[in-house]
Amino acid sequence: MAWWVVRHRDGESWGRSLVRYRVIVNGKSGTILRQGQQEVVARMEELFRQAGAEAEIQVATGPAIGEALDKALASDADAVILAGGDGTISSSLAQAVAGDKPIGILPLGTFNLLARDLDVPLELDEAIPRLVGAEIRPVDLAEVNGRLYSCNSMIGPVPLLARQRERLRGGAALTVVFGVLREAVRLMWRYPTLTIEVDLGEGPRQFKAGALAVTNNAYEDVIGRLFPSRATLDSGMLALYIVEHRSRLGMLWLMLALMLGRWKTDRDLEVLRATQLTVNSLAGHLRVSNDGELLHLKTPLRFRIRPGVLRMLVPQSKRAEQTE
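Residues numbered from 1 in each chain as written. Predicted model: local features only at pLDDT ≥ 70, side-chain atom pairs only at ≥ 80, totals over all residues. Heavy atoms only, no water.

## Points about the pairing of strand β6 (residues 103–107)
Inclusion rule: Classification of residues uses two cut-offs on accessible area relative to the type maximum, computed with a 1.4 Å probe and protein chains only: under 20% is buried, over 50% is exposed, and between them is partly exposed. Labels follow the DSSP assignment, with helices taken as runs of H or I lasting at least four residues and strands as runs of E lasting at least two, numbered in each case from the N terminus.
Here β6 lies mainly inside the structure; five of its five residues are buried. Of the two faces of β6, the one lined by I103, I105 and P107 and the one lined by G104 and L106 are each fully buried.

## Some details on the pattern of salt bridges
Selection rule: Any carboxyl oxygen of Asp or Glu that lies within 4 Å of a side-chain nitrogen of Lys or Arg is treated as forming a salt bridge with it.
Enumeration over the complete set of coordinates arrives at eleven salt bridges. Across the pair R304 and E143 runs a salt bridge, and its minimum N-O distance is 3.0 Å. Of this pair, R304 sits in strand β20 (residues 301–314) while E143 sits in strand β7 (residues 135–144); the two residues are 161 residues apart in sequence, bridging distant segments of the chain. One salt bridge in this structure joins R205 and E270, with 3.1 Å as the shortest N-O distance.

## Thoughts on the environment of T61
So the rule is basically this: Should any heavy atoms of two residues lie within 4.5 Å, those residues are counted as being in contact.
Counting through the fold element by element, T61 comes out in the loop between β4 (54–60) and α3 (63–73). On the basis of relative accessibility, which here comes to 35%, the residue T61 falls in the partly exposed class. Each C-alpha atom of the pair T61 and K28 lies 6.4 Å from the other, and the pair is 33 residues apart in sequence. Each residue touching T61, except ones within four places of it in the same chain, is listed here: N26, G27 and K28.

## Observations concerning α3
Condition: The arc in question is the one traced by the directions running from the helix axis out to the C-beta atoms.
Taken together, the buried positions of α3 are I65, G66, A68, L69, A72 and L73. Down the axis of α3, the smallest arc covering the buried residues is 165°, so these residues share one side. Seen from the buried face of α3, the exposed residues on the opposite side, beyond 90 degrees, are P63, E67 and K71.

## Considerations on the nonpolar core
Our working definition: Remark: nonpolar core denotes a set of buried residues (Ala, Val, Leu, Ile, Met, Phe, Trp, Tyr, Cys) joined through side-chain atoms within 4.5 Å.
Residues Y21, V23, M44 and L106 are the most contacted members of the largest nonpolar core, which totals 51 residues. In terms of nonpolar packing, the next biggest core, distinct from the first, is built from 24 residues, V144, L194, L212 and L297 among them.

## A short note on the packing of helix α2 (residues 37–50) against helix α7 (residues 124–131)
Our working rule: All axes are obtained by fitting lines to C-alpha atoms, using only the stretch in contact for helices, and the reported angles, taken between N-to-C directions, cover 0 to 180 degrees. Oblique is the label for any angle not under 35 degrees, not over 145, and not in the 65 to 115 range, which are roughly parallel, roughly antiparallel and roughly perpendicular in turn. Crossing handedness: left-handed means the near helix sits turned counterclockwise from the far one by under a right angle, and right-handed means the same turn made clockwise. All residues other than Ala, Val, Leu, Ile, Met, Phe, Trp, Tyr, Cys, Pro, Asp, Glu, Lys and Arg, Gly among them, are scored as polar; the first ten of these are nonpolar and the last four charged.
Close contact between α2 and α7 brings their axes to 9 Å; oriented N to C, the two are set at 40°. Considering their axes alone, α2 and α7 lie oblique with respect to each other. Taken as a pair, α2 and α7 cross one another with a handedness that is right-handed. Judged by residue contacts, V40, R43, M44, L47 and F48 of α2 engage L124, D125 and I128 from α7. The class makeup of the residues in the contact of α2 with α7 is six nonpolar, no polar and two charged.

## Some remarks on unusual backbone geometry
Looking along the chain, the bond that leaves T299 and enters P300 is cis, with omega of 0°. Structurally, P300 can be placed in the loop between β19 (293–298) and β20. Phi is positive for N112, close to 55°, though the residue is something other than glycine. Locating N112 in the fold gives a position in the loop between β6 and α6 (113–118). The exposure class assigned to N112 is buried, which follows from its relative accessible area of 7%.

## Some words on the confidence of the model for the chain
Spelled out, the test is: The quantity called pLDDT is the predictor's confidence in a given residue, expressed from 0 to 100.
On average, residues of the chain score 82 in pLDDT, and 72% of them are at 70 or above. A low-confidence stretch, residues 1–16 stays under pLDDT 50, and its non-local contacts, those more than four residues away or across chains, total 50 contacts. Taken together, the stretch residues 319–324 has pLDDT below 50 and engages in nine contacts with residues farther than four places along the chain or on a different chain.

## Let's talk about the side chain of N152
Put simply, the test is: Within 3.5 Å is the distance limit for a polar contact, defined as a pair of N or O atoms, with the added protein rule that one can donate a hydrogen and the other accept it, and that residues adjacent in sequence qualify only through two side-chain atoms.
With respect to the helices and strands, the residue N152 is situated in strand β9 (residues 152–155). Take N152: its relative accessible area is 4%, and that puts it in the buried class. In terms of polar contacts, N152 uses its side chain to reach the side chain of Y219, at 3.0 Å. Every residue in contact with N152, bar those within four places of it in the chain, is listed here: L113, V214, T215, Y219, S289, N290 and D291.

Following this line, the structure appears as structure tokens:
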């Protein structure tokens, strides 16, 4: 039997039941392409059984993912789990928020940023036992021009990296990571400086920026961690990062600082916090990367935080860490 934990704002309630899950697997996620659909699904089924939970697993691709999610949210399952990368999760957020079931994630992508922040292990053998009976926590989401995202929205060279990531999808994880880093160096060498206006509600400020990111909750500065991470997902604040570098060397230095976990010491990086903000430019549209998915959005870009709008399954180790 699996422990089911629900955290309310005024305390916790505990119950013991055989938890029923509906699991939707993106059939084009990196793990599926590398290991094979049949093998991955069979392993998932076995791991859920070993954890004492019932799980109905469905593999879908493209628009069929949304259809499968609608059916799962309308089912008698206790929770719905999305198995895929950050893009899979991001594209499903509007439906998940509209539903009334808690959402869990199984990381099958390349970078798996949200899984890292939720402390969901990247290996299925560890992730599934930890998700079964996990705590339900409300987490924040961010929004730009009506589109929800869970991690970050980026402007500058980064959106173009989505194309490289798609070309490398299905390859070995290290091959994808180094391929994207190689492309990042190339783009930073030729990408023009952006002229933008940012308004946090106190009037517009103009910046000449090499890149810009708006994150759902702020990143923490952890030495030696390749991917920036967030210590909390429920602060109710956006964090705006403006890279004011004007030289290629400066952009490359920031990239190195990111890899070393020392990026907050960079003098040309301005960090601002707000519950809502506007980004404008002379261009009618800007290329934006929402959780790794490339979009062309009409300016101005209007960002806002959506506090606690999504109930998510968070492994209990993360709960213990946050309540120490």
